[in-house]
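# Structural description and commentary
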Amino acid sequence: MFYFSSQINMLLASTLCLSNIREIPSLGIYADVFYDVLSRLVILMIAFSPLVIGFTFTICLVLPQNRPFTTPILGIVKVLMMMTGELNFDDVFHKDDYTTPFWGFAVVIYVLFTILIAVVMFNLLLGFTISDIKELQDSSETRLLITTLEQTVMLERLLFTKFVQKVIPKRWLEKVLLTYASNFLLSSKWDP
């Protein structure tokens, strides 16, 4: 159980690191585009899930002796891997340890799966992503400017507390703010 919880914690920690990268002005746009593509993929997977589940059960029924398709859960995992392009026609159809009475029908289903899911669905996702890339960049840059502004306001609030003003001389505080503001103007594409 300890190993399982540490594996989950590592996955959650890496996800948290990626979400924190969104706050860095020079890297945040890439994380924003990643999250947008991920949300589009989830929506596309929900929309195509009946088709994917249908292909999974059909292939499980047609090729019951094939190891990845012995159970529906393994079948769904194999179909998800096949959606990424790992079709392995030879491994599925040229094994010597089994024969299927529906070999011709299985090949037709496999070719239909390749065309409809592996080619059409992922080209559709790629087309959506490419067509909206300028919009994604603009919205990401706007969000990053807002984040930078929020960080500036937070820094000003921190620097102008009574405790900090007593400890650090005022000219140093002004220098820190000017340096931060000039770095912000140089690193962003903001044009006053």
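Up top is the structure.
The sections below set out a description of the structure shown in this document. Quantities reported herein were computed from a predicted structural model and do not represent experimental measurements.

Once that is clear, we can look at the overall build of the chain. From N to C terminus, the chain includes eight helices and zero strands. Shown N-terminal to C-terminal, the secondary structure of the chain runs as helices and strands in the order α-α-α-α-α-α-α-α. Counting all 192 residues of the chain, 26% fall into the buried class. Taking the intrachain contacts of the chain between residues at least 6 apart in sequence as the baseline, contacts between residues at least 24 apart amount to 58%. In the structure as shown, the chain presents an accessible area of about 13,400 Å², 71% of it carried by carbon and sulfur atoms.

All told, the structure shown has two salt bridges when counted by the stated rule. Salt-bridge contacts for Arg-40 lead to Asp-36; the nearest nitrogen and oxygen are separated by 2.9 Å. Here Arg-40 pairs with Asp-36, and both are found in helix α2 (residues 28–62), just four residues apart, close to one helical turn. With a shortest N-O distance of 3.9 Å, Lys-78 and Glu-86 are connected by a salt bridge. For Lys-78, a relative accessible area of 12% corresponds to the buried category. Residue Glu-86 is classed as partly exposed on the basis of its relative accessible area, which comes to 35%.

Running from N to C, α2 and helix α6 (residues 133–159) point in directions that differ by 125°, and their axes come no closer than 9 Å. Classed by the angle they form, the pair α2 and α6 counts as oblique. Relative to α6, the crossing made by α2 is right-handed. When α2 is examined against α6, the residues Gly-28, Ile-29, Asp-32, Val-33 and Asp-36 are found in contact with a partner set consisting of Ile-133, Leu-136, Gln-137, Ser-140, Glu-141, Arg-143 and Leu-144.

Further remarks concern the nonpolar core. Among the nonpolar cores identified, the biggest contains 22 residues, and Leu-63, Met-82, Met-83, Phe-93, Phe-113 and Ile-117 are the most heavily contacted of them. Secondary-structure elements contributing two or more residues to this core are α2, α3 (72–83), α4 (89–93) and α5 (103–131). The dominant element in this core, judged by the number of residues it contributes, is α5, at eight residues. Once residues within four sequence positions are removed from consideration, Ile-117 is found in contact with Leu-51, Val-52, Phe-55, Met-83, Leu-112 and Phe-122.

With that settled, consider the environment of Ile-53. Mapped onto the elements of the fold, Ile-53 is located in helix α2. Considering only alpha carbons, one finds Ile-53 and Ile-76, 23 residues apart in sequence, at a separation of 7.1 Å.

What follows concerns a nonpolar patch on the surface. On the surface, a nonpolar cluster with roughly 600 Å² of combined accessible area is contributed by Leu-51, Val-108, Val-111, Leu-112, Ile-115, Leu-116, Val-119 and Val-120. The element contributing the most residues to the nonpolar patch is α5, with seven residues. By the element assignment, Val-120 lies in helix α5.

Here the focus is the side chain of Thr-56. With respect to the helices and strands, Thr-56 occurs in helix α2. With residues up to four places along the chain from it excluded, the contact list for Thr-56 reads Pro-72, Gly-75, Ile-76 and Val-79.

At a closest axis distance of 9 Å, the pairing of α3 and α5 adopts a crossing angle of 60°. When the interaxial angle is binned, α3 and α5 end up oblique. Of the residues in α5, those in contact with Val-79, Met-82 and Met-83 of α3 are Tyr-110, Phe-113, Ile-117, Ala-118, Met-121 and Phe-122. For the contact of α3 with α5, a count of residues per class yields nine nonpolar, no polar and no charged.

How each quantity is defined
Residues numbered from 1 in each chain as written. Predicted model: local features only at pLDDT ≥ 70, side-chain atom pairs only at ≥ 80, totals over all residues. Heavy atoms only, no water. Helix = DSSP H or I, 4+ residues; strand = E, 2+ residues; numbered from the N terminus. Buried < 20%, exposed > 50% of the residue type's maximum accessible area, 1.4 Å probe, protein only. Contact = heavy atoms within 4.5 Å. Areas by Shrake-Rupley, 256 points an atom, 1.4 Å probe, with all protein chains shown as cover. Salt bridge = Lys/Arg side-chain N within 4 Å of Asp/Glu carboxyl O. Axes fitted to C-alpha atoms, helices over the stretch in contact; angles between N-to-C directions. Parallel < 35°, antiparallel > 145°, perpendicular 65-115°, else oblique. Left-handed = near helix turned anticlockwise from the far one by under 90°. Core = buried A, V, L, I, M, F, W, Y, C linked by side-chain atoms within 4.5 Å. Patch = residues over 30% accessible without salt bridge, like charges linked within 9 Å, V, L, I, M, F, W, Y side chains within 5 Å. Nonpolar A, V, L, I, M, F, W, Y, C, P; charged D, E, K, R; others polar.

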